[in-house]
Amino acid sequence: MEKVAIYGAGDFGQKLYGFLKSLGCQIELFIQSSKTDINDYEGVPVVTIEEYLGGEYGFFIFIAIQNRNVVNSIKGIFEQHHYDMSRVFCWNIFLEENYFIGKKILPGQKICNLCRHSCDSFLPSGHESRLFSELKVIGGGYRENAVCPYCGSLDRNRWVFRVLQEKTDILSSKCKVLHFAPEEMIRKRIKENANCDYYAGDIVLNTENHQVDVTDIQFKDNFFDYILINHVMEHVADERKAFRELKRVLKENGTLVLSFPITLEAETFENEEISSEEDRLRYFGQKDHVRLYGKDFKERIEGFGWRVSVYSPGKEVSMQEAERSGFLPEDILLLCRPI
Ligand SMILES: [Zn+2]
């Protein structure tokens, strides 16, 4: 079993220590930012970060701190010391991982981060598309290891959730969320945050959704902290108007969580004259798509007045984790802030 250290020897770290122990996780060390009188907790040594980084440890680090900014500044210190960042986790992600370690997941088994079930393999999804395979479209077409057999979530849904956990405070903070075309399991997990004021929006009205047209949103200005809009924009003809509306209803320090099928083999392609289902299937890969986003996707979204951060499993997590969690290594999720 991996050696594990908890960063944070205060109340919160100690509580999580007890919980992790009950799951069968072996914690060998506590790390804290500065020297205190406490040298150990229940026999587990407490060291400062300088002492830790000066030693030959290489443990899995579990940052047991709730404030996201403090977590990020601690991560920054590890990064500066060229620590293997695939071994440094925020507490909730670490808990997720250790919950599974506690369940003794066998090598080769898969874990769904959305429903927390393990399985021997995910199931295939997507339709064969000549265009999608020729252009190596990310997030579309047929994939072997895509669907969780328990909750039905897709590879890209799991990646969205992983980024939400790691890069945002949507799962813990008091926030207003608008979720377009809501992916069922992501909706469920966001709603577990009792402080979250959650609005599901879709073009079609049903008992759980508000009917929302992304090019004409009925909410007032600066209303939402988060808007999630995955695999919607490729269906929207008036893209500029949609991004203007999203910007209007999002708070100044809010975050837009955005993804769509992308090819890195060509520039974004759209053409108003391509309007029949047959032609759209041929040129955009699906009969209800109006464009195919290309390698200029970042500049394109920035051009609509956003600051764009790009997250891919291949850059953010170890290959082992990507494989186990069923992420597509090349998957792309964008977190966009209004400018
Ligand atoms: Zn699942």
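Computed from a predicted model, the values in this text were never measured in an experiment. For every chain, the first residue of the written sequence is number 1, and numbering continues from 1 along that sequence. In keeping with the predicted nature of the model, local features appear solely for residues at pLDDT of at least 70, side-chain atom pairs appear and are counted solely at 80 or more, and the whole-chain, interface and lining totals rest on all residues. As a rule here, side-chain values come from all non-hydrogen atoms in the structure, and water together with hydrogens is ignored.

Visitor: Tell me what's going on with the coordination of the zinc ion, and back it up with residues and numbers.
Guide: Shown as donors are all N, O and S atoms within 2.8 Å of a metal ion, widened to 3.2 Å for Na, K and Ca; because water is not in the atom set, sites may appear incomplete. Coordination of the zinc ion by the protein involves C112 (SG), C115 (SG), C148 (SG) and C151 (SG), with metal-donor separations of 2.3 to 2.4 Å. One way to put it: the four donor atoms around the zinc ion meet at angles of 106 to 114°, and that makes the site tetrahedral. Here the donor residues for the zinc ion map to a single chain with the spacing C-x2-C-x32-C-x2-C. One end of the pair, C112, is in the loop between β7 (110-111) and β8 (118-119); the other, C148, is in the loop between β10 (143-147) and α6 (155-167), and 36 residues separate them in sequence. The pair C112 / C148 is uniform in exposure class, with both members buried. Only four donors with every angle between 85 and 135 degrees are called tetrahedral; only four or six donors with opposite donors over 155 degrees apart and all others between 65 and 115 are called square planar or octahedral, in that order; all others are irregular. Only DSSP runs of H or I covering at least 4 residues are called helices, and only runs of E covering at least 2 are called strands; the numbering of each starts at the N terminus. Think of it in three bands: with a 1.4 Å probe and only protein chains considered, a residue is buried below 20% of the maximum accessible area for its type, exposed above 50%, and partly exposed in between.

Visitor: Would you mind going over the pairing of strand β1 (residues 4-7) in detail, with residue names and values included?
Guide: The alternating pattern of β1 places V4 and I6 and A5 and Y7 on opposite faces, both of which are buried. Strands pair, by our definition, only if DSSP identifies at least two bridges between them. Looking at chain direction, β1 and strand β5 (residues 60-63) are connected through four bridges and run parallel. Of the residues in β5, the one forming a bridge with Y7 is I63. As paired strands, β1 and strand β2 (residues 27-32) are joined by four bridges and run parallel to one another.

Visitor: Please provide a residue-by-residue account of the pattern of salt bridges, values included.
Guide: The term salt bridge refers to a side-chain nitrogen of Lys or Arg lying within 4 Å of a carboxyl oxygen of Asp or Glu. Tallied over the entire structure, the rule returns 19 salt bridges. Residue R162 is joined to E321 by a salt bridge in which the shortest nitrogen-to-oxygen separation is 2.7 Å. Taken together, the residues span a long stretch of sequence, with R162 in helix α6 and E321 in helix α12 (residues 319-325) at a distance of 159 residues. Of the two residues, R162 and E321, neither departs from the other in class, the shared state being buried. E270 is paired through a salt bridge with R300; the nearest N and O atoms lie 2.7 Å apart.

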